[in-house]
Amino acid sequence: MADETGLFIYGLVPADVEATPDAAGVGEPPGEVAVIRHGDLGALVSEVPLDAPLGRSADLRAYQELLDGTAAVAPVLPVRFGTVVTGPDAVVDLLRPHHDRFAAALAELEGRVQYVVHGRFDERTLLRGVLDENPTAAGLAEQVRGRSEAASREPRIRLGELISQAVELRREAENRRLLDATAEYVVSAQLRPPSHELDAAHLALLVDTDQEAALVDALEEYAQHRRGLLRMRLLGPLAPYDFVSAHQLAG
């Protein structure tokens, strides 16, 4: 089994896409990326040993870098990370029954990329705002100040609940503000779940490439307006992970 190999599938592309000589796949050493074609479709693949464990951070990074680099020049449908098949015939078996749906999705993604906006509240500013607006929370904060956790257990629990509720409400409002601020520049938007208790916003945005600069300008203006309350980060351009994948279409 140690000598047997399979094909790791990264994503689906139009058939006229070529793998660049410097494209690096998963594995150690990195696999050479190739394209297997069927009809109007191509699949980005690289050879991997069937007994090799996948899932190192370097593998995930290689997967994302290949897809994001491809999305910058051509539409791409991501295939779930870790998908390995036995050979070229198995790749064609994936493409053939879903050919028209895959081709239509790629045509829809032509000239479009994904951005991810992530905002996190400044903890001190957030807590000050919650206590200023909520007399009950302010009273509980006074009760626990200077007391040990054991001696102030119940008010601490209640205060934590009130703060958690306030953060959730502020997060919902912040996501709505961001959606409104970017609506004219994006084709579609998806809410992402918070990755931290202080997350203020987490959005995936699908945007036409001719609107990228306008979107970035709008987000910079938004970040300036919210400066002091939250810190914002923008990732992109990326492959459209949040909007369509080969597995979703095949499902």
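Here's what I pulled together on the structure shown here.

What counts, and where the lines are drawn
Residues numbered from 1 in each chain as written. Predicted model: local features only at pLDDT ≥ 70, side-chain atom pairs only at ≥ 80, totals over all residues. Heavy atoms only, no water. Helix = DSSP H or I, 4+ residues; strand = E, 2+ residues; numbered from the N terminus. Rg over C-alpha atoms; globule rule 2.2 N^0.38 Å. Buried < 20%, exposed > 50% of the residue type's maximum accessible area, 1.4 Å probe, protein only. Contact = heavy atoms within 4.5 Å. Axes fitted to C-alpha atoms, helices over the stretch in contact; angles between N-to-C directions. Left-handed = near helix turned anticlockwise from the far one by under 90°. Nonpolar A, V, L, I, M, F, W, Y, C, P; charged D, E, K, R; others polar. Pairing = 2+ DSSP bridges. Parallel < 35°, antiparallel > 145°, perpendicular 65-115°, else oblique. Core = buried A, V, L, I, M, F, W, Y, C linked by side-chain atoms within 4.5 Å. Expected span 1.5 Å × (residues − 1).

## Remarks on the overall build of the chain
- Tallying secondary structure elements over the chain gives 8 helices and 9 strands in all.
- By the compact-globule yardstick of 18 Å for 251 residues, the chain is too spread out, its C-alpha radius of gyration being 23 Å.
- Taken across its 251 residues, the chain has 43% of its residues classed as buried.
- Look at the contacts in the chain between residues 6 or more apart in sequence, and 76% of them connect residues 24 or more apart.

## Some details on unusual backbone geometry
- Going from Glu 28 to Pro 29, the amide bond is cis rather than trans, its omega being 5°.
- Of note, the bond from Gly 236 into Pro 237 is cis; its omega dihedral lies within 30 degrees of zero at 0°.
- Secondary-structure assignment places Pro 237 in strand E9 (residues 230-238).

## Regarding the environment of Asp 68
- Take Asp 68: it is sitting in helix H1 (residues 57-71).
- Classification of Asp 68 by relative accessible area gives buried; the value is 18%.
- Spatially, the C-alpha atom of Asp 68 lies 9.7 Å from that of Tyr 241, the residues being 173 residues apart in sequence.
- In this structure Asp 68 touches Pro 237, Leu 238, Ala 239 and Tyr 241, once residues within four positions along its chain are discounted.

## Some remarks on the packing of helix H5 (residues 135-144) against helix H6 (residues 153-182)
- Axis separation between H5 and H6 bottoms out at 9 Å; the angle between their running directions is 145°. Our pair here, H5 against H6, has a crossing hand that is left-handed. Along its contact with H5, which presents Thr 136, Ala 137, Leu 140, Ala 141, Gln 143 and Val 144, the element H6 presents Pro 155, Arg 156, Arg 158, Leu 159 and Leu 162.
- Each residue belonging to the contact of H5 with H6 can be placed in one class, and the counts come to 7 nonpolar, 2 polar and 2 charged.

## A short note on the sheet that holds strand E6 (residues 112-121)
- Reading across from one edge, E7-E8-E6-E9 is the order of the 4 strands in this open sheet, with antiparallel pairing throughout. Each edge of the open sheet is held by one strand with a lone partner, namely strand E7 (188-191) and E9. For this sheet, the mean inter-axis angle between neighbouring strands, taken without regard to orientation, is 20°.
- Two strands pair when backbone bridges link them, and E6 and strand E8 (residues 199-208) are joined in this way by 9 bridges, in the antiparallel orientation. The residue of E8 that forms the bridge with Val 116 is Ala 204.
- Here H6 sits on the sheet and contacts E6, E7, E8 and E9; the angle it forms with E8, its principal contact strand, is near 20°.
- Contacting E6, E8 and E9, helix H7 (residues 212-225) runs over the sheet at an angle of about 170° to E9.

## Some thoughts on the packing of H6 against H7
- Here H6 crosses H7 at 140°, and the two axes come no closer than 10 Å. In this view, H6 runs oblique relative to H7, as classed from their interaxial angle. Seen along the crossing, H6 lies across H7 with a hand that is right-handed. For the pair H6 and H7, contact is made by Glu 174, Arg 177, Leu 178, Ala 181 and Thr 182 and by Leu 215, Ala 218, Leu 219 and Tyr 222, respectively.

## Details of the nonpolar core
- Judged by nonpolar contacts, the single largest core of 24 residues is most densely connected at Ile 9, Leu 12, Val 45, Leu 77, Val 91 and Phe 102.
- Listing elements by their share of this core, those giving two or more residues are strand E1 (5-14), strand E3 (41-49), helix H2 (88-95), helix H3 (99-109), E8 and helix H8 (246-250).
- Ignoring any residue separated from it by four or fewer positions in sequence, one finds Leu 77 in contact with Tyr 10, Gly 11, Leu 12, Phe 102, Ala 105, Leu 106, Leu 109, Val 244, Ala 246 and Leu 249.
- In this structure, Val 17, Tyr 63, Leu 66 and Ala 74 belong to the second largest nonpolar core, which totals 18 residues.

## A word on H1
- With 15 residues, H1 should reach 21 Å at 1.5 Å per residue; the first-to-last C-alpha distance of 21 Å fits that figure.
- Every buried residue of H1 is listed here: Asp 59, Ala 62, Tyr 63, Leu 66, Leu 67, Asp 68, Thr 70 and Ala 71.
- Against the buried residues of H1 lie E1, strand E2 (33-38), E3, strand E4 (77-78), E6 and E9.

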